[in-house]
Amino acid sequence: MIKELEDIVRAYEEANRNGLRTALATVVHVDGSAYRQPGARMLVTENGELTGAISGGCLEGDALRKAQLVIMQQQPMLVTYDTTDEDDAQLGVGLGCNGIIHILLEPIVAADANNPIHLIQLITGNRQECILITLFNLEKRKERQPGTVLLRRDNYVDGYTDNSPLCAALLRDAQLAMDEQATLIRTYISPENSQTALLSYITPAVQLLIAGAGNDAQPLLHIARIMGWQVHLLDGRPNYATAARFPGATLHVAKAAEALQGINADAYTAAVLMTHNYNYDLAMLQQLVQFPVPYIGVLGPAKKLQRMLEEADNITAIQRARIYGPSGLDIGAATPEEIALSIAAEVKLVMSRGNYKGASLRDKDGAIHSRRAQVITSQHI
């Protein structure tokens with residue numbers, strides 16, 4: 001999701017430079033099955049350019065036309081697509097969709113310091129977990145749709161805040177969503193009206209540290225960049241670690257003892273040791289286990305890792321559990337490209353924090369994605 005938000009920010013900034021007005025489309029609720037889940041977003045410009053996605057392509061055309069109307073009228077609009085209905089089914093038939101999809105379209109007012117894109121810019125500019133709150137009214141679609149109004153990140157709150165019971169309830173549930181690391185949907189009922197909130201849980205981009213500037217590191221970089229991961233390339237050889245060989249990576253040409261200087265190795269960081277230099281990899285391993293990095297991959301045979309563990313200083317059982325060697329999923333990988341794919345897939349699996357098993361979807365019981373974000377719970381305020 002974070003890559004989509006980064007793409008939206010770049011597209012918005014480009015549209016602003018060209019004097020184009022924009023609107024943001026957000027999937028705020030899904031009842032049944034759909035290609036994209038609540039929290040998926042897409043930017044629309046007045047001349048018809050799209051960035052991001054709210055479906056697999058079946059809804060974008062109609063949403064574009066409605067978004068252009070929103071831009072012209074400067075009023076938010078809640079749109080519902082019912083792919084279970086014969087009149088709307090053609091929209092989702094290409095993907096076998098069988099659900100009701102609610103999409104909020106809201107115009108972006110550049111002069112508004114709290115507009116949705118400004119809040120998204122705060123997300124993409126910081127490596128923090130956060131909750132982005134979008135308000136809408138499912139019961140009275142013709143009434144005012146507030147839109148994306150609030151951002152909660154660590155101890156910071158950005159957007160429209162006041163002393164109302166609704167704001168207090170939103171902040172409480174934002175903390176709950178943060179604690180549970182989950183996207184939630186809540187309806188808040190008051191004597192005056194009711195509002196529904198999508199509380200989108202958003203995590204930072206994966207930060208991938210690749211130790212080693214050999215040819216086999218290049219396909220891993222390419223896959224990581226496609227995924228929107230932030231890549232740091234670490235190696236002590238300046239003639240190998242070059243921008244020409246590793247475009248898009250932040251280069252750190254240094255000895256192993258100094259390679260991690262200036263890098264915030266946080267809980268959303270993965271590292272892969274593939275220098276083919278045993279001593280460099282060992283020194284990196286001894287440093288990385290001191291950080292909250294959930295994935296440390298070691299390229300090579302199991303005997304190599306066993307030797308490293310024997311020679312490393314005081315690696316605890318908890319630290320050992322974060323070391324993956326040989327690195328990668330067992331998919332029969334043999335070429336550098338296939339090995340890179342297996343490593344990237346294992347990193348993605350670990351970053352899912354145990355919510356997925358890495359098995360074939362064919363063998364999975366139930367829905368592909370958790371349906372928790374589709375369940376609306378209510379509370380009186």
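Residues numbered from 1 in each chain as written. Predicted model: local features only at pLDDT ≥ 70, side-chain atom pairs only at ≥ 80, totals over all residues. Heavy atoms only, no water.

A few points about the UniProt feature "domain: XdhC Rossmann" (unreviewed entry) in the protein
Thinking step 1. Following the UniProt record, one finds the feature "domain: XdhC Rossmann" (unreviewed entry) at residues 208–347.
Thinking step 2. As annotated, residues 208–347 comprises 33% helix and 18% strand, and the C-alpha atoms at either end are separated by 9 Å. (UniProt positions renumbered as here; feature names shortened; annotations may be inferred. Helix = DSSP H or I, 4+ residues; strand = E, 2+ residues; numbered from the N terminus.)

Concerning the packing of helix α6 (residues 218–226) against helix α10 (residues 336–351)
Thinking step 1. Following both chains from N to C, one finds α6 and α10 inclined at 45°, their axes separated by 8 Å at the closest point. As the angle between them shows, α6 and α10 are arranged oblique. α6 and α10 meet at a crossing whose hand is right-handed. The residues of α10 that touch α6, namely those facing Pro 219, Leu 220 and Ile 223, are Pro 336, Glu 337, Ala 340, Leu 341, Ile 343 and Ala 344.
Thinking step 2. Considered class by class, the residues forming the contact of α6 with α10 number eight nonpolar, no polar and one charged. (Axes fitted to C-alpha atoms, helices over the stretch in contact; angles between N-to-C directions. Parallel < 35°, antiparallel > 145°, perpendicular 65-115°, else oblique. Left-handed = near helix turned anticlockwise from the far one by under 90°. Contact = heavy atoms within 4.5 Å. Nonpolar A, V, L, I, M, F, W, Y, C, P; charged D, E, K, R; others polar.)

Concerning the UniProt feature "domain: XdhC- CoxI" (unreviewed entry) in the protein
Thinking step 1. Taking the numbering used here, the UniProt-annotated feature "domain: XdhC- CoxI" (unreviewed entry) corresponds to residues 17–82.
Thinking step 2. Annotated as residues 17–82, this span is 23% helix and 39% strand, and its ends, taken at the C-alpha atoms, are 37 Å apart.

A look at the pairing of strand β12 (residues 230–235)
Thinking step 1. Extensive coverage of β12 is indicated by the burial of five of its six residues.
Thinking step 2. Of the pairings in the sheet, the one linking strand β11 (residues 207–211) to β12 comprises five bridges and is parallel in character. Bridging from a neighbouring strand, Leu 209 pairs with His 232 of β12.
Thinking step 3. This β-α-β element, β11 to α6 to β12, shows right-handed connectivity.
Thinking step 4. Relative to strand β13 (residues 250–253), β12 is paired through four bridges, and the arrangement is parallel. Bridged to Leu 233 within β13 is Leu 251. (Buried < 20%, exposed > 50% of the residue type's maximum accessible area, 1.4 Å probe, protein only. Pairing = 2+ DSSP bridges. Right-handed = clockwise from strand over helix to strand, strands pointing away.)

Examining the sheet that holds β12
Thinking step 1. Overall, parallel pairing links the six strands, which are arranged β13-β12-β11-β14-β15-β16 in an open sheet. Single-partner strands in this sheet number two, and they are β13 and β16 (323–324).
Thinking step 2. Where strand β15 (residues 295–298) meets β16, two bridges bridge the pair, whose relative direction is parallel. The residue of β16 that forms the bridge with Gly 297 is Tyr 324.
Thinking step 3. On the sheet, helix α8 (residues 302–311) packs against β14 (269–273), β15 and β16 and is oriented at approximately 120° with respect to β15.

A look at the sheet that holds strand β8 (residues 156–159)
What holds strands together in a sheet is hydrogen bonding between their backbones, with the strands either parallel or antiparallel.
Thinking step 1. Taken together, six strands build an open sheet; the order of strands is β8-β7-β6-β10-β9-β17 and the sheet is mixed. With partners counted over all chains shown, the strands left at the sheet margins are β8 and β17 (376–380), one partner each. Strand-to-strand twist in this sheet, taken as the mean axis angle between neighbours without regard to direction, amounts to 25°.
Thinking step 2. Across five bridges, strand β9 (residues 184–189) lies against β17 in parallel orientation. Within the sheet, the bridge partner assigned to Ile 185 lies in β17 and is Ile 376.
Thinking step 3. Here helix α4 (residues 116–124) sits on the sheet in contact with β6 (130–136), β7 (147–153), β8 and β10 (194–202), set at roughly 25° to β7.

Considerations on the confidence of the model for the protein
Thinking step 1. Averaged over all residues, the pLDDT of the protein is 90; the fraction at 70 or higher stands at 94%.
Thinking step 2. Scored below 50 in pLDDT, residues 92–96 shows seven contacts in the model against residues more than four places distant or in partner chains. (pLDDT = per-residue confidence, 0-100.)

What to know about the pattern of salt bridges
One side chain can pair with another of opposite charge once the charged atoms of both are near each other.
Thinking step 1. For the structure on display, the rule yields 16 salt bridges.
Thinking step 2. For Arg 127, the salt bridge is made with Asp 266, and the minimal N-O distance between the two is 2.8 Å. Here Asp 266 lies in the loop between β13 and β14 and Arg 127 lies in the loop between α4 and β6, a separation of 139 residues in the sequence.
Thinking step 3. For Asp 173, the salt bridge identified is with Arg 186, shortest N-O distance 3.7 Å. Highlighted residues: Asp 173 in helix α5 (residues 165–180) and Arg 186 in strand β9, separated in sequence by 13 residues.
Thinking step 4. Looking at Asp 173, the relative accessible area reads 7%, which means it is buried.
Thinking step 5. Taking relative accessible area as the criterion, Arg 186 reaches 13% and is therefore assigned buried. (Salt bridge = Lys/Arg side-chain N within 4 Å of Asp/Glu carboxyl O.)

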